[in-house]
Amino acid sequence: MHVMTRGLRRSTMANDHLSALESEIQPLRQQLLQHPIYRAVNTVQRLQLFMEQHVFAVWDFMLLLKSLQLTHTCITLPWLPRVRPRIVRFVNEIVLGEESDEDGRGGYASHFELYLEAMKQVGASTVAIDTFVSLLNCNVDIKRALGDCGARSGCIQFVRTTLSFVNSRKPHCIAAAFSIGREDVIPEMFRQFVVSLDRRSPGQFDRIRYYLERHIDVDEASHGPMALETVRELCGNNSARWRESTDAASTALTARILLWDSILKAIEQRPLSLVVTAA
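Residues numbered from 1 in each chain as written. Predicted model: local features only at pLDDT ≥ 70, side-chain atom pairs only at ≥ 80, totals over all residues. Heavy atoms only, no water.

## Section: helix α12 (residues 239-268)
We count it as follows: Here a helix means four or more residues in a row that DSSP labels H or I, a strand means two or more in a row labelled E, and each is numbered from the N terminus. To estimate the expected span of a helix, count its residues, drop one, and scale the result by 1.5 Å. Pairs of N or O atoms within 3.5 Å make up the polar contacts considered here, provided that, within protein, one atom can donate a hydrogen while the other can accept it, and that residues adjacent in sequence are counted only when both atoms are side-chain atoms.
In this model α12 runs 43 Å from its N-terminal to its C-terminal C-alpha over 30 residues, within 8% of the 44 Å that 1.5 Å per residue would give. The N-capping residue of α12, defined by a side-chain oxygen 3.0 Å from the backbone nitrogen of A240, is N238.

And the structure:
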């Protein structure tokens, strides 16, 4: 009975810590959800420009996820069991969906590959991200590849922030940045704009529509809750870890706001063509 009571008390304390974290980062989250970028992306040309930069955030999402997988699952030989089976389950399940999701055509693809396909379909340039991946395939250091691929400064800074989480070697901070500062912050208004485009030009925007719908469905149904549970499991009742995780989440959200600011500035510098409104 005492063991059960202590377990319930620990669980309650961890929930309190998580609630405190979510409360503290709420202003930043609201700032992100209300960012003018979503209403500014209202032409095909602006969508192209947005995707050409946002794709770097889609790619570096996997940096955080694979870092968690390296730390908490066994992917070397000989295989050995890990001490946190719940986290093993959470991480492997998220990896399964993010790295090999259903592609909507009877096959499988990573969300990054789905996004690249969507970029090509809407006419967005993939030169910078393709060059970046090619350099990485040639074993060029990530920071050097970023500087040599033609990425905009906002993208470079965003990826560098993600690298700082990975290089911290603090799984709870990586999990916090992953679970709170990532793709689940793309609001419904942006999705509705893409739906409207697809209705006006059937077939030209169905891949980005599929990507958004798939990402929203998966994040809300499973990946988001599992990622938060991973943070809770890693931090437990350790106040120092919760403090570091809160700081990491705040830094991740701030980095996304700065990326949105950078993309918005680039968009506003382009001439405004035909505006498409959501229907």
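## Considering the packing of aromatic side chains
Spelled out, the test is: Only centres within 6.5 Å qualify two rings of Phe, Tyr or Trp (six-membered ring in Trp) as a pair; their planes then separate them into stacked at under 30 degrees, edge-to-face at over 60, and tilted for everything else. Here's how the labels work: a residue is buried when its accessible area is under 20% of the maximum for its type, exposed when over 50%, partly exposed in between, all with a 1.4 Å probe on protein chains only.
Here the structure, examined in full by the defined rule, presents 6 aromatic pairs. When the ring of F50 is compared with that of W260, the centres are 5.3 Å apart and the planes differ by 55°; the resulting orientation is tilted. Of this pair, F50 sits in helix α3 (residues 44-72) while W260 sits in helix α12, and the two are 210 residues apart along the sequence. With respect to class, F50 is no different from W260; both count as buried. Pairing W59 with F132 gives two aromatic rings, centres 4.8 Å apart and planes at 85°, and the pair type is edge-to-face. Placement of W59 in helix α3 and of F132 in helix α6 (residues 127-137) is noted, with a sequence separation of 73 residues between them.

## Some details on the packing of α3 against helix α8 (residues 153-168)
The line we're drawing: Think of each axis as a best-fit line through the C-alpha atoms, taken over the contacting stretch in the case of a helix, with angles from 0 to 180 degrees between the N-to-C directions. Here the angle decides the label: under 35 degrees means roughly parallel, over 145 means roughly antiparallel, 65 to 115 means roughly perpendicular, and every other value means oblique. Contact criterion: two residues are considered in contact whenever any of their non-hydrogen atoms come within 4.5 Å of each other. Three residue categories are used. Nonpolar comprises Ala, Val, Leu, Ile, Met, Phe, Trp, Tyr, Cys and Pro, charged comprises Asp, Glu, Lys and Arg, and polar comprises the others, including Gly.
Interhelical geometry of α3 versus α8 gives an angle of 5° and a closest axis separation of 10 Å. The orientation of α3 relative to α8 falls into the category roughly parallel. Contacts from Q53, F56, A57, W59, D60, L63, L64 and S67 of α3 reach α8 at C155, F158, V159, T162, L163, F165 and V166. Class assignment of the residues belonging to the contact of α3 with α8 gives a composition of 11 nonpolar, 3 polar and 1 charged.

## What about the pattern of salt bridges?
The cut-off we apply is this: Within this document, salt bridges are pairs made up of a side-chain nitrogen of Lys or Arg and a carboxyl oxygen of Asp or Glu, the two lying within 4 Å of each other.
Here the structure, examined in full by the defined rule, presents 14 salt bridges. A salt bridge links R105 to E117, with the shortest nitrogen-to-oxygen separation between them at 2.4 Å. Of this pair, R105 sits in the loop between β1 (101-102) and β2 (108-109) while E117 is found in helix α5 (residues 111-122), placing the two residues 12 residues apart along the sequence. The closest approach of N and O atoms between D198 and R209, which form a salt bridge, is 3.2 Å. Of the two residues, D198 is situated in helix α10 (residues 188-200) and R209 in helix α11 (residues 206-235); the sequence distance between them amounts to 11 residues. The class for D198 is buried, based on a relative accessible area of 11%. In this structure, a network of salt bridges that share partners links the residues R86, E229, R232 and E233.

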